[in-house]
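# Observations on chain architecture
Next come the chains, spelled out residue by residue.
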Amino acid sequence: MAECIEQSRVACALGGIYTALAIDGVLPVTHTGPGCLAQASDILGRVNGGQAPVPFEESVVPCTDFCNTDVVFGGGEHLRTVIEKSIEYYDAKLIIAVDGCTAEIVGDDIEEVAESFEGSRIPVISAKLPGFVGNNLFGHSQILKSIVNQYLEPTGEVNPLQVNVFGIVPFYDTFWQGTLERLEELLKAIGLEPNIIYGHGHGIENVKKIPSAGFNLVLSPWIDLDIAKLLEQKFKTPFLQFDNVPIGPTETTKFIRTLVEYAGLDQVKAESYIKKSEDRYYYYISRHQAFVYACKYIPKDFYFIGSAAAAVSVTRFMVNDVGSVPLRIYITDNVPKERQEDVRKSLYDVELEDKDYEVIFTEDGGLAADDLKKEHEDRSVVFGSNWDLLTARSIGSAFVPVCAPYGQTLIGSKNYFGYEGGVALFSDYYAEIATNPQVAFIG
Amino acid sequence: MSYYIAVATSDGEIIDTHFGHASSFLILEVDDFGNYEEIEDRQVRPACGGGECHACAGSLMNEIAESLKDVDFVLCARSGPHAEEALRRYGIALLDVMMPISRAVPKIHKFRQRYRRNVVI
């Protein structure tokens with residue numbers, strides 16, 4: 001691969017520590033160069049809705065500052081000292097020692113260092129996150145694999161209603177926190193007991209409960225399938241894959257019905273919940289009909305540049321519920337070759353007769369931008385990340401951000417999940433079309 | 001081709017002296033097989049001599065670096081950024097480590113063999 005890419009929408013493998021930081025009580029200790037920690041904090045945090053796992057995490061997370069001396073003489077002892085001191089000074093429930101490119105090249109054995117802390121006050125596990133092997137999604141997978149293989153113990157009991165939620169990548173999926181909160185509410189409303197490990201009010205106690213689940217739910221077209229298969233192997237937990245985070249009534253209703261059938265839940269209760277939620281969704285949409293009607297020349301199509309998970313969610317909602325048609329979809333998060341066919345199938349699984357849009361897998365965001373500048377429909381909409389704001393402006397399109405890096409704003413608890421998420425995305429979409437001077441003619 | 005390592009040591013066995021406190025550096029010549037022998041005890045004016053530091057050490061650092069310009073590596077227990085900068089201008093790598101000399105030299109030799117072609121550290 002002799003090309004270079006521009007407009008990176010992913011961080012290097014070390015970005016996986018954000019998955020660790022999203023679990024309350026977990027402290028990563030990094031065996032990397034002094035600047036490495038800061039590189040992921042922009043794409044996954046600061047320019048991604050102004051998020052951070054803890055304030056100023058680049059200064060809080062312990063690091064061995066791998067430099068010249070460690071390269072020549074090996075950094076194992078140095079790492080041991082930093083972990084010892086972390087155990088002394090930090091109030092954590094689990095420590096994950098991770099290493100980056102340099103340590104992997106010179107061959108430091110962090111597994112051995114981590115294992116030597118057997119029986120200490122805080123358990124220590126290890127994960128290898130060399131940047132030259134993969135991006136932050138690879139890092140995310142490595143962190144979860146380490147937790148499953150080195151930390152989880154069988155609990156000896158199975159709760160058939162407990163469902164662990166996988167597939168959402170903290171921080172990389174910009175709306176992760178709000179989405180997980182709403183998802184937890186929905187799953188409880190239809191009779192399940194969701195077990196979520198990321199974010200506020202969850203944490204290491206929920207991690208320990210993972211082996212007792214009745215089943216695992218993988219809410220993505222390809223991410224965390226490997227973790228689900230690993231859990232099936234280790235703890236015999238079956239898993240259900242639903243290929244996207246549902247946005248809007250069509251997809252969310254399908255999601256609830258799939259779960260009810262799979263887990264044998266109360267159908268009457270679920271159907272009444274569906275009816276109530278759909279009625280509410282259409283009530284909110286119908287209030288805006290006059291405004292939408294007044295937006296003359298509404299764009300009928302859209303482009304998408306971003307992650308596979310966001311692509312499926314947005315495409316399903318836009319086609320099935322809003323009535324817009326995708327022209328080209330660029331997937332920029334390095335989906336492994338063996339999963340690309342599945343992602344393609346998911347993207348073509350929409351209620352549309354002529355599916356003549358292209359799905360292009362490229363990590364080069366600049367390529368997508370150039371493509372659009374060369375050939376594009378007038379007055380369309382671009383869904384993407386902050387990189388695409390300028391692309392959209394230069395081709396005279398409206399722009400709606402939906403994936404990382406989201407932009408310099410404060411994300412709060414904003415999310416596009418479920419019925420409520422459908423209302424939110426519907427509003428944001430038409431608000432953008434109505435106010436963006438390049439596409440709007442109101443009146 | 002043999003190369004040279006300068007060591008700040010008080011007893012010739014362990015690297016235990018701060019760069020700024022060293023009044024002499026033990027010069028080792030290392031051959032292609034990693035065998036080394038002491039060839040000289042080179043005298044220098046200590047960079048942090050008599051409690052004075054940065055003001056005087058400015059040109060003194062350069063003087064010390066100049067007098068060590070034939071070596072590839074300098075080993076000491078601790079050093080500061082001024083020392084590193086001065087030595088780097090002569091292409092010398094400064095490494096802080098407290099370790100017996102007999103353990104350190106093989107590690108440096110192994111590193112040099114692997115990365116000799118394209119590394120300046």
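Everything here concerns the structure above.
For clarity, every value in this text was computed on a predicted model and none was experimentally measured.

What follows deals with the interface of chain B and chain A. At the junction of the two partners, chain B supplies 13 residues and chain A supplies seven residues. In total, about 840 Å² of surface goes out of reach between chain B and chain A, with carbon and sulfur atoms giving 68% of it. Where chain B touches chain A, the interface holds zero salt bridges. Seen at the junction of chain B and chain A, the total is one residue pair in polar contact (both at pLDDT 80 or more). When residues of the side of chain B that touches chain A are traced back to their parent elements, those giving at least two are strand S5 (93-96) and helix H3 (101-115) of chain B. In terms of residue count, H3(B) provides more of the side of chain B that touches chain A than any other element does, six residues in total. Partitioning the side of chain B that touches chain A into residue classes produces nine nonpolar, no polar and four charged.

On the surface, a cluster of positive charge is contributed by B:Arg103, B:Lys107, B:Lys110 and B:Arg114. With respect to the helices, strands and loops of the structure, B:Arg103 is situated in helix H3.

Below, the discussion takes up the packing of helix H15 (residues 308-322) of chain A against helix H16 (residues 337-348) of chain A. Residue and element names in this part refer to chain A. Their axes nearest at 9 Å, the elements H15 and H16 cross at an angle of 15°. When the axes of H15 and H16 are compared, the pair comes out roughly parallel. In this structure, H15 crosses over H16, and the sense of that crossing is left-handed. Across the interface between the two elements, Ala308, Ala311, Val312, Thr315 and Arg316 of H15 pack against Val343, Ser346 and Leu347 of H16.

Turning to the pairing of strand S13 (residues 398-401) of chain A, a few remarks are in order. All names here are of chain A. Of the pairings in the sheet, the one linking strand S12 (residues 381-384) to S13 comprises four bridges and is parallel in character. From the neighbouring strand, Gly384 faces S13, where its bridge partner is Pro401. Read as a crossover between parallel neighbours, the route from S12 over helix H18 (residues 387-394) to S13 is right-handed.

Criteria and thresholds
Residues numbered from 1 in each chain as written. Chains lettered and ligands numbered in written order. Predicted model: local features only at pLDDT ≥ 70, side-chain atom pairs only at ≥ 80, totals over all residues. Heavy atoms only, no water. Contact = heavy atoms within 4.5 Å. Buried area = accessible area lost by both parts, 1.4 Å probe. Salt bridge = Lys/Arg side-chain N within 4 Å of Asp/Glu carboxyl O. Polar contact = N/O pair within 3.5 Å; in protein donor to acceptor, adjacent residues only side chain to side chain. Helix = DSSP H or I, 4+ residues; strand = E, 2+ residues; numbered from the N terminus. Nonpolar A, V, L, I, M, F, W, Y, C, P; charged D, E, K, R; others polar. Patch = residues over 30% accessible without salt bridge, like charges linked within 9 Å, V, L, I, M, F, W, Y side chains within 5 Å. Areas by Shrake-Rupley, 256 points an atom, 1.4 Å probe, with all protein chains shown as cover. Lys, Arg positive; Asp, Glu negative; His and termini not counted. Charge placed at Lys NZ, Arg CZ, Asp CG, Glu CD. Axes fitted to C-alpha atoms, helices over the stretch in contact; angles between N-to-C directions. Parallel < 35°, antiparallel > 145°, perpendicular 65-115°, else oblique. Left-handed = near helix turned anticlockwise from the far one by under 90°. Pairing = 2+ DSSP bridges. Right-handed = clockwise from strand over helix to strand, strands pointing away.

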